[in-house]
Amino acid sequence: KQEVTQIPAALSVPEGENLVLNCSFTDSAIYNLQWFRQDPGKGLTSLLLIQSSQREQTSGRLNASLDKSSGRSTLYIAASQPGDSATYLCAVMNTGFQKLVFGTGTRLLVSP
Amino acid sequence: EPEVTQTPSHQVTQMGQEVILRCVPISNHLYFYWYRQILGQKVEFLVSFYNNEISEKSEIFDDQFSVERPDGSNFTLKIRSTKLEDSAMYFCASNRASNTEAFFGQGTRLTVV
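All values derive from a computational prediction rather than experimental measurement. (Residues numbered from 1 in each chain as written. Chains lettered and ligands numbered in written order. Predicted model: local features only at pLDDT ≥ 70, side-chain atom pairs only at ≥ 80, totals over all residues. Heavy atoms only, no water.)

J.: Quick question: what am I supposed to make of the sheet that holds strand S7 (residues 65–68) of chain B here?
T.: Hydrogen bonds between backbone groups are what pair the strands of a sheet, and the pairing can be parallel or antiparallel. Residues and elements named next belong to chain B. Sheet architecture is open: 4 strands sit in the order S1-S3-S8-S7, paired in antiparallel fashion. The sheet terminates laterally at strand S1 (5–7) and S7, the two strands that pair on one side only. Here the average twist between neighbouring strands, direction ignored, is 20°. Sheet topology places S7 next to strand S8 (residues 75–79); 4 bridges connect them, and they run antiparallel. Considered in S8, the bridge of Phe-65 is made with Ile-79. (Pairing = 2+ DSSP bridges. Helix = DSSP H or I, 4+ residues; strand = E, 2+ residues; numbered from the N terminus. Axes fitted to C-alpha atoms, helices over the stretch in contact; angles between N-to-C directions.)

J.: Could you clarify how one ought to interpret the state of the cysteines in this entry?
T.: Residues and elements named next belong to chain A. Overall, the coordinates contain 2 disulfides over all chains when judged by the stated rule. Shown here is the disulfide that connects Cys-23 with Cys-90, its sulfur atoms set 1.9 Å apart. In this structure, the disulfide formed by Cys-23 and Cys-90 twists by about 70° around the S-S bond and is classed as right-handed. Here the residue Cys-23 occupies a position in strand S3 (residues 19–25), and Cys-90 occupies one in strand S9 (residues 86–94), the gap between them amounting to 67 residues. (Disulfide = S-S within 2.5 Å.)

J.: I would appreciate a short explanation of the pairing of S9 of chain A in the present structure.
T.: Here is the key point about a regular strand: its side chains alternate between the two faces of the sheet. All names here are of chain A. For S9, the tally of buried residues reaches 9 of 9 residues, placing the bulk of the element in the interior. Relative to S9, strand S4 (residues 30–38) runs antiparallel, the two being bridged by 8 bridges. Residue pairing in the sheet places Arg-37 in a bridge with Tyr-88 of S9. Pairing of S9 with strand S11 (residues 106–111), which is carried by 3 bridges, proceeds in the antiparallel orientation. Paired with Thr-87 across the strands is Arg-107, a residue of S11. (Buried < 20%, exposed > 50% of the residue type's maximum accessible area, 1.4 Å probe, protein only.)

Below, the structure is given as structure tokens:
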């Protein structure tokens, strides 16, 4: 059974810092991994999707990497801004399944 | 920009009542999903739907739950007899193919009293 863990559970940084969020998963037989952002009481906004054959994806100040064999992904946020404050979720889809398995999330606070 | 739309945003219902949560997936998407998130917990998968039938469901998705695509645009989740523990945020999602980016709606907060 796939288990997804995110570390740290919470992170507080001053504006302008570069930061890394971590995601690990126990079963490396994945189709893809997707990073989401969730604002309090709101829905999930897709940030990046990495297919199992890819090593990284970039979108603006965000860069996500994937090391399938070690069961790890990182989300790098450059030059953080207060508007980046949210909970960041990673989710994996295993080969042969049609569902995302989510981690518990990292709650990020970027202070001005 | 196309988006997944869910209604209502918040629903309060009495225990034992039936509720229907509604979703309009993105128009050219073929795969549809329901997930839920109990306050303070992980987002959990409920069911996936493709080609007018359930393709996968979780242990949570028991006989009290059903899904339907009544027309070409709507996708609904029905809970027949709600329990207190069904209180959660319910998210609808869709994607074009099963291994492509999944897009989520803003959610329906269901409160069972």
